[in-house]
Amino acid sequence: MPHDDPDHPHALLPPDPALRVKALETILTRKGLIDPAALDEIIDTYQNKIGPQNGAQVVARAWHDPEFRAALLQDATVAVTDLGYFGRQGEHMVVVENTPDLHNMVVCTLCSCYPWPLLGIPPAWYKSDAYRARVVREPRKVLAEFGVTLPEKTAVRVWDSTAEVRYLVIPMQPEGSKNLDLDALAALVTRDSMIGTGLAQEPS
Ligand code: FE
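Residues numbered from 1 in each chain as written. Predicted model: local features only at pLDDT ≥ 70, side-chain atom pairs only at ≥ 80, totals over all residues. Heavy atoms only, no water.

Caption draft 1: Examining the overall build of the protein chain more closely. For the protein chain, the count of helices and strands is 11 helices and four strands. For the protein chain, the spread of C-alpha atoms along the principal axes amounts to about 65 × 35 × 30 Å. Going through the 204 residues of the protein chain one by one, you find that 37% of them count as buried. For the protein chain, long-range pairs separated by at least 24 residues make up 66% of all intrachain contacts whose partners lie at least 6 apart in sequence. Total accessible area on the protein chain is roughly 11,900 Å²; 57% of this is exposed by carbon and sulfur atoms. (Helix = DSSP H or I, 4+ residues; strand = E, 2+ residues; numbered from the N terminus. Buried < 20%, exposed > 50% of the residue type's maximum accessible area, 1.4 Å probe, protein only. Contact = heavy atoms within 4.5 Å. Areas by Shrake-Rupley, 256 points an atom, 1.4 Å probe, with all protein chains shown as cover.)

Shown next as structure tokens:
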């Protein structure tokens, strides 16, 4: 039976994804399997309260405090938990550091694993088939499309996230930012710089 046949069971679901989600939510709520208020709370938390600003605070501190930076590279899960950043999709964190010799990039080749407590919800491109396939095959080309060109001598390493391990990149600290305080430093740290598809911003 073809999928566009009105008698096909799938035809009961509306074609628009948002309507499909709504239909599923209604059914699950009626059956008492989910609480819509709890769902709204979870979505609001990850959309509005948790975002890349958490990761930016971590990077700013790493730039500012060599002891924290060492602790972060040693055991990121412990170091970020001590700052209050922990939770779903962030149970096992690994932090890697960019240097003049090495640039790190993060992907999940299987799906879209991402460090939610530090970066919030992943951007659409991070979940796209194109990014997931190409960043492994041609990382420099992908970087160029994000507007980043690295010196030839800088090696690129791509880290593949798993259901367990999530990565955060410490971008290189911009020249001329040494005397800034933590909040001013954090303002230079973009989301993409912590995924490795961008660089930290120069102070204005
Ligand atoms: Fe994944």
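Okay, back to it.
Caption draft 2: Examining the nonpolar core more closely. V58, W63, L72, L118, Y131 and L168 are the most contacted members of the largest nonpolar core, which totals 41 residues. Once residues within four sequence positions are removed from consideration, L118 is found in contact with G51, P52, N54, G55, V58, V80, Y85, M93 and L168. (Core = buried A, V, L, I, M, F, W, Y, C linked by side-chain atoms within 4.5 Å.)

Caption draft 3: How the structure looks around the coordination of the iron ion. Around the iron ion, the protein supplies C108 (SG), C111 (SG), S112 (N), C113 (N) and C113 (SG) as donor atoms, at distances of 2.1 to 2.8 Å. For the iron ion, the donor residues sit on a single chain with the sequence spacing C-x2-C-S-C. The buried category is assigned to C108, whose relative accessible area is 1%. (Donors = N, O, S within 2.8 Å, 3.2 Å for Na, K, Ca; no water.)

Caption draft 4: How the structure looks around the pattern of salt bridges. Enumeration according to the criterion identifies seven salt bridges in this entry. The shortest N-O distance in the salt bridge between R69 and E97 comes to 2.4 Å. Residue R69 is located in helix α4 (residues 66-74), and its partner E97 is located in strand β1 (residues 92-97); the two are separated by 28 residues in the primary sequence. Given the relative accessible area of 30%, R69 is considered partly exposed. The closest approach of N and O atoms between D129 and R132, which form a salt bridge, is 3.2 Å. (Salt bridge = Lys/Arg side-chain N within 4 Å of Asp/Glu carboxyl O.)

Caption draft 5: The arrangement of the packing of aromatic side chains in detail. Counted by the stated rule, this structure contains six aromatic pairs. Taking the centre distance of 5.9 Å and the plane angle of 35° together, the rings of Y126 and Y131 count as tilted. On the basis of relative accessibility, which here comes to 4%, the residue Y131 falls in the buried class. The rings of Y114, W125, Y126, Y131 and F146 are connected pair by pair, giving a single aromatic cluster. (Phe/Tyr/Trp six-rings, centres within 6.5 Å; stacked < 30°, edge-to-face > 60°.)

Caption draft 6: A look at the confidence of the model for the protein chain. The predicted model of the protein chain averages 89 in pLDDT, with 92% of residues at 70 or higher. Strand β2 (residues 102-107) holds the highest mean pLDDT among the elements of the protein chain, 98, whereas helix α2 (residues 36-49) holds the lowest, 75. (pLDDT = per-residue confidence, 0-100.)

Caption draft 7: Highlighting a nonpolar patch on the surface. Side chains of L24, L28 and L33 sit close together on the surface and give an oily, nonpolar patch of about 280 Å² of accessible area. Examined against the element boundaries, L28 turns out to sit in helix α1 (residues 17-30). (Patch = residues over 30% accessible without salt bridge, like charges linked within 9 Å, V, L, I, M, F, W, Y side chains within 5 Å.)

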